[in-house]
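The chain contents come next:
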Amino acid sequence: MNQPVDHAGLAPATPFRTAADARRAIRSGAWTGHTVGLAPAHVQGNLMILPADLAGDFLRFCQANPKPCPLLGVSEPGARRLPALGLDLDLATDAPGYRVFEHGELTAEVPDLEAIWRDDFVTFVIGCSFSFEEALLAAGVPLRHVAEGRNVAMYKTAIPTTAAGPFHGPLVVSMRPMKAADAIRAIQITGRLPAVHGAPVHIGDPSLIGIADIAAPDFGDPVAILPDELPVFWACGVTPQAVAMAAKPALCVTHAPGLMLITDLLNRDLAFV
């Protein structure tokens, strides 16, 4: 199923009344697309799933890198439930797509983890920029990828993360083109939301952070940047995927970029600073 866009073309329409409805559709395979604008009032999460013997090091990695990896929740080993994020939520089935990495190589993309789930898997749910987009749209800041029903553009950068144990690698950023006045407003709004990446990490010339071709994102969909716009870059929860490629753990599982876990948490209840 593809994501619909409303008749004004300004924001995505959603066929789901609640986050639980969206998860049920994802779990059944009725919804397989990206989750931009889906259940827009609800907090969405990136996923990193690791064997328990690596969980402590990855927890320290998240603590050392709170901009790309703000933690929303951590499961018990083997648990597919995380009731604090949703009573009926199933970590193995409720993202529209998952990626399996072995020794740093992407070896499979699967719709669920039923066939490969392990009793020692620990799941980290990490805040997602899709959550702050609701606040930006409510403030009148237009988002082109949302209006066009696309996934956000994401790029590996030359900015290193802070290593913890075996985990290291480049910061990944998401990009939204904005006019200068909108960029200033976006800084003000997102800077108050550290649970979903906070303020941007860079504005302007992408080459200054190691992005050679802004028209060719490493993840997500390309989006046009008009002559009167600046590219605005936020730390991104896809960073753990770049870290998995660099650190090369024997096994880890992530969400597929743009195919997030939708929680019962409300964006309006996120911690503000």
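First things first, this report covers the structure right here in the doc. (Residues numbered from 1 in each chain as written. Predicted model: local features only at pLDDT ≥ 70, side-chain atom pairs only at ≥ 80, totals over all residues. Heavy atoms only, no water.)

### Some words on the side chain of T123
For T123, the location among the structural elements is in strand 5 (residues 121-127). Setting aside residues up to four positions removed in sequence, T123 forms contacts with L47, M48, I49, G73, V74, S75, L91 and W117. (Helix = DSSP H or I, 4+ residues; strand = E, 2+ residues; numbered from the N terminus. Contact = heavy atoms within 4.5 Å.)

### Some words on the environment of L208
Checked against the element boundaries, L208 lands in the loop between strand 8 (202-203) and strand 9 (230-235). Overall, the relative accessible area of 65% leaves L208 in the exposed class. C-alpha of L208 to C-alpha of D94: the two residues are 114 residues apart in sequence and 37 Å apart in space. (Buried < 20%, exposed > 50% of the residue type's maximum accessible area, 1.4 Å probe, protein only.)

### Thoughts on the layout of surface pockets
Taken as a whole, the largest pocket holds about 160 Å³ of empty space. Forming the walls of the largest pocket are 11 residues, and the residues nearest its centre are P142, L143, R144, A147 and E229. Breaking the lining of the largest pocket down by element, the ones donating at least two residues are helix 4 (144-147) and strand 7 (170-178). Class assignment for the residues of the lining of the largest pocket results in seven nonpolar, no polar and four charged. (1 Å grid on protein atoms, 1.4 Å probe; cavity = no way out; pocket = protein on both sides within 12 Å on 5 of 7 lines; lining within 4 Å. Points joined across faces, edges and corners; volume = space filled by probe spheres on them. Nonpolar A, V, L, I, M, F, W, Y, C, P; charged D, E, K, R; others polar.)

### Let's talk about the packing of helix 3 (residues 130-138) against helix 5 (residues 180-190)
The axes of two packed helices give the description: the angle between them and the distance between them. It is at 10 Å that the axes of helix 3 and helix 5 come closest, and there the two elements cross at 125°. Here helix 3 lies oblique to helix 5, going by the angle between them. Handedness of the crossing formed by helix 3 with helix 5: right-handed. For the pair helix 3 and helix 5, the contacting residues are F132, A135 and L136 in the first and A186, I189 and T190 in the second. (Axes fitted to C-alpha atoms, helices over the stretch in contact; angles between N-to-C directions. Parallel < 35°, antiparallel > 145°, perpendicular 65-115°, else oblique. Left-handed = near helix turned anticlockwise from the far one by under 90°.)

### Considerations on the sheet that holds strand 6 (residues 153-160)
Across the sheet, which stays open at both edges, the four strands sit in the order 6-7-9-8 with antiparallel pairing between neighbours. With partners counted over all chains shown, the strands left at the sheet margins are strand 6 and strand 8, one partner each. Taken together, the six bridges between strand 7 and strand 9 define a ladder with antiparallel strand orientation. Across the sheet, residue M178 finds its bridge partner in strand 9, namely L230. Taken strand by strand, helix 6 (residues 239-247) contacts strand 6 and strand 7, and its axis lies near 150° from that of strand 7. (Pairing = 2+ DSSP bridges.)

### A few points about the pattern of salt bridges
Scanning the entire structure with this criterion turns up 15 salt bridges. Note that D21 and R24 form a salt bridge whose closest N and O atoms lie 2.4 Å from each other. With D21 and R24 both in helix 1 (residues 19-28) and three residues apart, this pair spans about one turn of that helix. Among the residues examined, D21 registers a relative accessible area of 21% and is labelled partly exposed. Taking relative accessible area as the criterion, R24 reaches 42% and is therefore assigned partly exposed. (Salt bridge = Lys/Arg side-chain N within 4 Å of Asp/Glu carboxyl O.)

### Observations regarding unusual backbone geometry
Glycine aside, residues mostly have negative phi angles, and peptide bonds mostly take the trans form. At H103, a residue that is not glycine, the phi angle is positive and equals roughly 50°. Looking at where H103 falls in the secondary structure, it is placed in the loop between strand 3 (98-102) and strand 4 (105-110). Located in the positive-phi region is K248, a residue other than glycine, with phi close to 60°. Locating K248 in the fold gives a position in the loop between helix 6 and strand 10 (252-255). By relative accessible area, K248 is classed as partly exposed at 46%.

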